[in-house]
Amino acid sequence: MKKKNFAPLLISILCLTSCISQENPPEIKTPDQSKYTTETIVDGIEIPWGMDFINENELLVTEKKGILYRVSNGKKTEVSGLPEVYQRGQGGLMDVALHPDFNRNKTIYLTIGVHHEGEKGGNTALYCAKLNENSLSNLKLLYKGQPNTKKGQHWGSRIVFDDKGHLYFGIGDRGNRDVNPQNLNRDGGKIYRLNLDGSIPEDNPFAMQKEALKAVYSYGHRNPQGMTIHPKTGEIWENEHGPKGGDEINIVQKGKNYGWPVITYGINYSGTSITDKKSMPGMEQPFYYWVPSIAPSGMAFSNSNVYKKWKGDLFVGSLKFKYLERLVIKRGKVVKREKILNDIGRVRNVKEGPDGYLYLGVEGKGILKLVHQ
Amino acid sequence: MKLFVGIIGLFIIYEGTWLYQKKPLEQSIADGKEIYNDFCVQCHLDNGEGVSGVFPPLAKSDYLLNNIEMSIRALKYGLSGTIVVNGEEYDGVMQNQGLDNLEIADVMNFILNNWGNESKEIITENQVANINE
């Protein structure tokens, strides 16, 4: 019998399938879903944007439309004293974070879409306040993005702290991509760094530069909705929504330009091109980018031994595909991606709790704890 | 002569208020398209088809075309819980987007007259104002 050579056929099939899927590797896997399940910590929250833990039994949770909850042993109580929340499009009450020295000073930070002055519309603001039992006092505005706009998109925002007395938060490009992200003198498309009292650190990258906002730490961002500190290196890790097929993970560094909208792996929602450039000198490449877009929100490293094999792995919520994504990182590269809790709902947020478990903010549900089955 | 000027004046005021209150449909659709691209396109997509099982379609959507009042209410106050659109179940949350009544009328006129959708009804600002939670 004559031997047939299948190699050319095989190669062309491989090419064809890789062209069709166009997924940025590594390909996402769906492992056995029966190993993990969730426990409801609190329910009845439409969009649980932010959360932070007071202790093992208590946490603060934000509801985007403008409610701050204190959750104690599964029971939620509204905290009074918020400034007026300007809810429009993707903006509203966003992140909440406890001051690193909360136990002593009872201070919390919030990022909120507000309109309290000037032109119509709103922009992202950072506030701090003192948390008394179920009310806020000493409310103080620390930063407000300018100008106001009626655009609905890209407000950010997450809050994190380093161990040197700094706070970082983001504001998205506010639907004005051609003007804001690359202009250091305009708010939007930036990660900001402040001291914990709201003052601007003297060694901020653009503190000495004329025509630049002194609070800016990095720029060229589109819409940062996940930020966390790497438990070993102390680096600031961030994820942001790209256009269609351009969601990114970045390691945020002082004074760096992350390229939006000059370089991107994505295209417009309509399918038309934004730029033909994926890289440029002086602009940072993402650590990882998602094609197709997963609509990432929230970000946390697992740093406990609760889930044995997951220590050191990165977790990101997918709004679009309704799962929690596990990313295994080796030698500075994403080597494995997995769907955890497939079809759980739109995952808005993920954080590691003081007990080492991962907690998820899921839209239409509330806060869920990821546990072994 | 005075009377004539007066009549013309009144006419202009009348026409002016009429035009102010009732935007022509084409203008409303054009304004609605801008709102759509700003607030809706991320989920319902450019073709209005949404994402099966996650974001319901607006294009040829039975839910939309048979429940215009409910749809306006959803834009004004938000929508959650299970709905069935073109035979498929959706159990998501759409919060109100903070649009004013005129913006809601405009975006309704856009989605009701796009992607093969057709509506005899023109949604007005007044009509949106009269819909309660």
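Since the model is a prediction, treat every value here as computed from it, not as a measurement.

Conventions used here
- For every chain, the first residue of the written sequence is number 1, and numbering continues from 1 onward in sequence order.
- Naming scheme: in the order in which they are written, chains are lettered from A and ligands are numbered from 1.
- This being a predicted model, a pLDDT of at least 70 is required before a residue's local features are given, and a value of 80 or more before pairs of side-chain atoms are given or counted; all residues contribute to the totals for chains, interfaces and linings.
- The secondary structure listing takes helices from DSSP runs of H or I that are at least 4 residues long and strands from runs of E that are at least 2 residues long, numbered from the N terminus.
- Exposure criterion: with C-beta atoms placed from backbone coordinates, a residue whose C-beta has 20 or more other C-beta atoms within 10 Å is buried, one with 12 or fewer is exposed, and one in between is partly exposed.
- Strands are labelled as partners when DSSP assigns at least two bridges between them.
- Simply put, an axis is a line fit to the C-alpha atoms, just over the touching stretch for a helix, and the angle between two N-to-C directions goes from 0 to 180 degrees.
- pLDDT measures how confident the predictor is about each residue, on a scale from 0 to 100.
- Any residue pair is listed as a contact if its two C-beta atoms, each placed from the backbone, are within 7 Å.
- Only Asp, Glu, Lys and Arg are considered charged, only Ala, Val, Leu, Ile, Met, Phe, Trp, Tyr, Cys and Pro nonpolar, and every remaining residue, Gly among them, polar.
- Here the expected span of a helix is defined as 1.5 Å times the quantity of residues minus one.

What follows covers the overall build of chain B. For chain B, the helix and strand inventory stands at seven helices and four strands. Taken from N to C terminus, the helices and strands of chain B fall in the order α-α-α-α-α-β-β-β-β-α-α. Here chain B holds 133 residues, and 29% of them are scored as buried.

On to the sheet that holds strand β14 (residues 216–219) of chain A. Residues and elements named next belong to chain A. If you walk across this open sheet you meet the four strands as β11-β12-β13-β14, and the pairing is antiparallel. Bordering the open sheet on either side are β11 (159–161) and β14, each of which pairs with just one other strand. With direction set aside, neighbouring strand axes in the sheet form an average angle of 20°.

Turning to the sheet that holds strand β1 (residues 28–29) of chain A, a few remarks are in order. Taking strand neighbours across the sheet as the criterion, the five strands line up as β1-β22-β21-β20-β19 (chain A) in an open arrangement whose pairing is mixed. With partners counted over all chains shown, the strands left at the sheet margins are β1 and β19 (296–301) of chain A, one partner each.

On to the pairing of strand β5 (residues 67–72) of chain A. Residues and elements named next belong to chain A. With six bridges joining them, strand β4 (residues 58–63) and β5 adopt antiparallel strand pairing. Bridge pairing links Leu 60 to Arg 70 in β5. Remark: three residues form the turn of the hairpin made by β4 and β5, two consecutive strands paired antiparallel; Gly 66 in that turn has positive phi of roughly 125°. Where β5 meets strand β6 (residues 75–79), five bridges bridge the pair, whose relative direction is antiparallel. Looking at β6, one finds that Ser 72 is bridged to Lys 75. Counting the residues that bridge the hairpin from β5 to β6 gives two residues, and of these Asn 73 lies at a positive phi of roughly 45°.

Below, the discussion takes up the confidence of the model for chain A. Averaged over all residues, the pLDDT of chain A is 94; the fraction at 70 or higher stands at 94%. Note that pLDDT drops below 50 for residues 10–20 of chain A; the model gives that stretch zero contacts with residues more than four away or on any other chain.

Attention shifts here to unusual backbone geometry. Residues and elements named next belong to chain A. Cis rather than trans, the peptide bond between Gly 156 and Ser 157 has omega equal to 10°. In this model, Trp 260 is joined to Pro 261 through a cis peptide bond whose omega is 0°. Structurally, the position occupied by Pro 261 is in the loop between β17 (247–252) and β18 (288–290). Look at Asn 73: it is not a glycine, yet its phi comes out positive at around 45°. Locating Asn 73 in the fold gives a position in the loop between β5 and β6. The backbone of His 154 shows a phi angle near 60°, a positive value even though the residue is not glycine.

Let us look at the environment of A:Ser318. Residues and elements named next belong to chain A. Turning to its location among the elements, Ser 318 is positioned in strand β20 (residues 314–318). Distance from Ser 318 to Asn 257, taken between C-alpha atoms, is 25 Å for residues 61 residues apart in sequence. Residue contacts for Ser 318: discarding those within four places in its chain leaves Ile 294, Ala 295, Pro 296, Tyr 323, Glu 325 and Val 347.

What follows covers the interface of chain A and chain B. Taken together, the contact pairs 16 residues of chain A with 13 residues of chain B. Grouping the amino acids of the side of chain A that touches chain B by side-chain chemistry returns two nonpolar, seven polar and seven charged.

Residues and elements named next belong to chain A. By the secondary structure assignment, Ile 67 is in strand β5. When the 17 C-beta atoms within 10 Å are taken as the criterion, Ile 67 is described as partly exposed. Along the primary structure Ile 67 and Pro 48 are separated by 19 residues, whereas in three dimensions their C-alpha atoms are 9.7 Å apart.

All right, on to helix α2 (residues 25–39) of chain B then. Residues and elements named next belong to chain B. In a regular helix each residue adds 1.5 Å, so 15 residues correspond to 21 Å; α2 covers 20 Å between its end C-alpha atoms and thus fits that length. Along α2, the positions that sit buried rather than exposed are Ser 28, Ile 29, Gly 32, Ile 35, Tyr 36, Asp 38 and Phe 39. Buried residues in α2 make contact with α3 (41–44) and α6 (101–112).

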